[in-house]
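# Reading the structure
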Amino acid sequence: MLMLGIFLLLIALLVLVFNLRTSYVTEGGALGQVPVFGASIIQIPLLMTVGLALIEKSGRLHLEWWHYPLICLVLAVCSGILVSWVGNYAKRA
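Residues numbered from 1 in each chain as written. Predicted model: local features only at pLDDT ≥ 70, side-chain atom pairs only at ≥ 80, totals over all residues. Heavy atoms only, no water.

### Points about the side chain of Ser23
By secondary structure assignment, the location of Ser23 is in helix 1 (residues 2-25). Side-chain polar atoms of Ser23 contact the backbone nitrogen of Gly87, separated by 3.3 Å. (Helix = DSSP H or I, 4+ residues; strand = E, 2+ residues; numbered from the N terminus. Polar contact = N/O pair within 3.5 Å; in protein donor to acceptor, adjacent residues only side chain to side chain.)

### What to know about the packing of helix 1 against helix 3 (residues 67-92)
Two elements in contact, helix 1 and helix 3, have axes whose closest approach is 8 Å; the angle formed by their N-to-C orientations is 30 degrees. Between helix 1 and helix 3, the crossing angle belongs to the class labelled roughly parallel. You can see that helix 1 and helix 3 cross each other, and the crossing is right-handed. Taken together, the residues of helix 3 that come into contact with helix 1 (itself represented by Leu16, Asn19, Leu20, Ser23 and Tyr24) are Ser79, Leu82, Val83, Val86, Gly87, Tyr89 and Ala90. Across the contact of helix 1 with helix 3, the residue classes break down as eight nonpolar, four polar and no charged. (Axes fitted to C-alpha atoms, helices over the stretch in contact; angles between N-to-C directions. Parallel < 35°, antiparallel > 145°, perpendicular 65-115°, else oblique. Left-handed = near helix turned anticlockwise from the far one by under 90°. Contact = heavy atoms within 4.5 Å. Nonpolar A, V, L, I, M, F, W, Y, C, P; charged D, E, K, R; others polar.)

### Digging into the state of the cysteines
Inspection of every chain in the model, using the stated rule, returns zero disulfides. Cysteine Cys72 shares no disulfide, and the gap to the nearest cysteine sulfur, in Cys78, comes to 12 Å. Residue classification places Cys72 among the partly exposed positions, given a relative accessible area of 21%. By relative accessible area, Cys78 is classed as partly exposed at 47%. (Disulfide = S-S within 2.5 Å. Buried < 20%, exposed > 50% of the residue type's maximum accessible area, 1.4 Å probe, protein only.)

Okay, structure coming up:
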């Protein structure tokens, strides 16, 4: 379970980097912004939350049940803002 959780966290990080790159290349435009923004606020928090749950199931973390929705919400907001900022930065650059 620990290795699968770490693998999911790594995949979530790679998806975030890919989404940031896509947002930068398309300059936050209509070609890439909507799918990238949707993937950032849905896929990344879900992958990270499931990865953390698997790591916790292996006995390495001790989280309460209410930590998971809070972590998912914070990750969704942060990754969405980050993708928007990168797209806006690419427009100005």
